[in-house]
Amino acid sequence: MDQENIIEIVNMSFSYDNRKILFKGLNFSLKRGDKVGIIGSNGTGKSTLFHIIMGLIKPIAGELYILGKKRQEEADFFEVRKKIGLLFQDSDDQLFCPTVEEDIAFGPLNLGKKPQEIKTLLEEIGNKLGLDGMMNKVTYKLSGGEKKLVAFATVVSMQPECLLLDEPTAGLDEQRTEMILKHLTGYYDSYIVISHDYDFLRNSVKKIYTINDGQIKLKEIL
């Protein structure tokens, strides 16, 4: 096991109900400083890979090392979910509080942040992501693009070491896409981005991988 790896997947296999095999003997690693994009057709397992890394579902075989430790049981992933931020593909899976401000503050509150720290954090994130005028809005009434931006804000409010972003620009206009790109490249040096937006990937990652036939393979170094 390489101590420089944030994520290391060794010979992993996964299938849904032992029917559809998504991964078979998959190997992959993300080192500190890696900025990686993943592309692939729908149904090839891109989102599933993220869910396995976060411990939301379990592989049927193989080993998973995250932050230098083997992760297997539910308790093993408590630290992972504090230090690696996951942006779900569907923003409705991420947002559940009445207002934007409460959604963004939820994670830091659970980390034990003090009220003044959270207030400062909200102001910083609001300014950097253009959410200043949205903090008191009712979350479920937002547009799809607005929800995506707020969901991204809930992830970065946790101040994670590494990000896993599933279609971060889906539904966003050019201005909000640029905000996410600027924040991502300006504040994070280790992340994986799943996206169909090739222009966004070319501006945000150093390597692009494809998932196909149960394997992940390097496609391009940018």
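Described below are features of the structure shown in this document. (Residues numbered from 1 in each chain as written. Predicted model: local features only at pLDDT ≥ 70, side-chain atom pairs only at ≥ 80, totals over all residues. Heavy atoms only, no water.)

## Concerning the side chain of Thr154
Mapped onto the elements, Thr154 comes out in helix H5 (residues 144-156). Every residue in contact with Thr154, bar those within four places of it in the chain, is listed here: Gln94, Leu95, Asp103 and Ile104. (Helix = DSSP H or I, 4+ residues; strand = E, 2+ residues; numbered from the N terminus. Contact = heavy atoms within 4.5 Å.)

## Re the sheet that holds strand S4 (residues 61-66)
Reading across from one edge, S2-S1-S4-S5 is the order of the 4 strands in this open sheet, with antiparallel pairing throughout. Bordering the open sheet on either side are strand S2 (20-31) and strand S5 (69-70), each of which pairs with just one other strand. For strand S1 (residues 5-16) and S2, the ladder comprises 8 bridges, and the chain directions are antiparallel. In the strand pairing of S2, Ser15 is matched with Ile21. Packed on one face of the sheet, helix H1 (residues 46-53) meets S1, S2 and S4 and runs near 120° to S1. (Pairing = 2+ DSSP bridges. Axes fitted to C-alpha atoms, helices over the stretch in contact; angles between N-to-C directions.)

## Topic: the layout of surface pockets
Of the volumes computed, that of the largest pocket is approximately 530 Å³. Lining the largest pocket we find 19 residues, and of these Arg81, Leu86, Gln94, Thr154 and Met158 sit closest to its centre. Elements with a contribution of two residues or more to the lining of the largest pocket: helix H2 (78-83), strand S6 (84-87), helix H3 (100-110) and H5. Ranked by residues supplied to the lining of the largest pocket, first place goes to H3 with 4 residues. Taken as a whole, the second largest pocket spans an internal volume of roughly 200 Å³. Along the walls of the second largest pocket sit 13 residues, with Lys58, Pro59, Gly62, Arg71 and Gln72 positioned nearest its centre. Ranked by residue count, the leading element in the lining of the second largest pocket is S4, at 4 residues. (1 Å grid on protein atoms, 1.4 Å probe; cavity = no way out; pocket = protein on both sides within 12 Å on 5 of 7 lines; lining within 4 Å. Points joined across faces, edges and corners; volume = space filled by probe spheres on them.)

## Some thoughts on the packing of aromatic side chains
All told, the structure shown has 3 aromatic pairs when counted by the stated rule. A ring pair is formed by Phe14 and Tyr16, whose centres lie 4.8 Å apart and whose planes are at 85°; its orientation type is edge-to-face. Between Phe28 and Tyr209 the ring centres are 5.5 Å apart and the planes differ by 85°, which places this aromatic pair in the edge-to-face class. Highlighted residues: Phe28 in strand S2 and Tyr209 in strand S9 (residues 207-212), separated in sequence by 181 residues. Here the two residues Phe28 and Tyr209 agree in accessibility, since each one is buried. (Phe/Tyr/Trp six-rings, centres within 6.5 Å; stacked < 30°, edge-to-face > 60°. Buried < 20%, exposed > 50% of the residue type's maximum accessible area, 1.4 Å probe, protein only.)

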